[in-house]
Amino acid sequence: MITAHDYPSAMLADRAAVDVCLVGDSLAMVALGYDNTNQVTLDEMLHHCRAVARGATTPFLVGDLPFGTYETSPSQALDSAIRMIREGRMEAVKLEGGQELAPTIRKITSVGIPVLAHVGLTPQRATSLGGFRVQGKTATRAVSLLRDALAVQEAGAFAVVLEAIPELVAREITDRLRIPTVGIGAGLACSGQVLVQLDALGVYDRLSPRFCKTYAQIGQLSTRALEDYVADVRERRFPESGVHTYPMADGEEEKFTQLLADGKWKKSEEISKP
């Protein structure tokens, strides 16, 4: 699983044969420049979901329900999920939370909308968790995470994201669930893994999570390429004549030059139509 936030990033995921493409609310930060994920709206998410759906035709598509669109009641969550499917062209929705959201997951899945759950570090609730910190480091909290995972499974979630929890805890949760687990900072024992695409490609550098592996430095490459472009334009090396330019039709250059020399171009009626 990898995230995508627009048509180009979706095409890359499609070409890489990614199994699941997540339009995560992380796009609030990596694509829209917000300070946190809670500032993105459902309408903004839907806009990005539609772009991803046009670019990723093979992966299973999951859309994140943003903060404030599902917490009030199961009915509110269902309304948001329906919009994500119908308007956003997603095939499933993701939401953050454990036992307390079991009724919400049950409500959404009751009408046939698949739900990807998310427990552990839940970014939408980072403030109440003391920031972006590892969860489940004590035995008591680890048991609570296991209960959360079991609750979302029994409520009907088809899989659950485990974020920023100790590897041992993730292994024990995975072993006790019937549904797949998707790790992000949770170790190899999870059924699958997910990363934010712009983190993995070295584009977004405002945060550097320990769990993220950078597979390329696309940000640095892009900056150097743009610097080369700026230099070429300022030093008049681009565009190169005959390479990046278009010629006139055969014999028309001389006619054009003669029209300019004769001054006939000032009188349109004296110029014969082609």
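Above this text sits the structure in question.
All of the points below concern the structure found in this document. As the structure is a computational prediction, the values presented were derived from the model and not from experiment.

So, the state of the cysteines
Inspection of the entire model under this criterion finds zero disulfides. Unpaired in terms of disulfides, Cys-190 finds its nearest cysteine sulfur in Cys-212, a separation of 16 Å. Overall, the relative accessible area of 7% leaves Cys-190 in the buried class. Cys-212 sits in the buried class, given a relative accessible area of 17%.

Considering the layout of surface pockets
When its volume is computed, the largest pocket comes out at roughly 780 Å³. Lining the largest pocket are 34 residues, and of these Leu-121, Glu-163, Ile-184, Pro-209 and Phe-211 sit closest to its centre. Taken together, the elements giving at least two residues each to the lining of the largest pocket come down to helix H2 (27-30) and strand S6 (159-163). Residue composition of the lining of the largest pocket, by class: 19 nonpolar, seven polar and eight charged. Estimates place the volume of the second largest pocket at around 380 Å³. Along the walls of the second largest pocket sit 18 residues, with Met-1, Ile-2, Leu-195, Ala-200 and Tyr-215 positioned nearest its centre. Elements that contribute at least two residues to the lining of the second largest pocket include exactly helix H1 (7-15), strand S7 (181-184) and helix H8 (197-200). Taken together, the residues of the lining of the second largest pocket sort by class into 13 nonpolar, four polar and one charged.

Cut-offs and rules
Residues numbered from 1 in each chain as written. Predicted model: local features only at pLDDT ≥ 70, side-chain atom pairs only at ≥ 80, totals over all residues. Heavy atoms only, no water. Disulfide = S-S within 2.5 Å. Buried < 20%, exposed > 50% of the residue type's maximum accessible area, 1.4 Å probe, protein only. 1 Å grid on protein atoms, 1.4 Å probe; cavity = no way out; pocket = protein on both sides within 12 Å on 5 of 7 lines; lining within 4 Å. Points joined across faces, edges and corners; volume = space filled by probe spheres on them. Helix = DSSP H or I, 4+ residues; strand = E, 2+ residues; numbered from the N terminus. Nonpolar A, V, L, I, M, F, W, Y, C, P; charged D, E, K, R; others polar.

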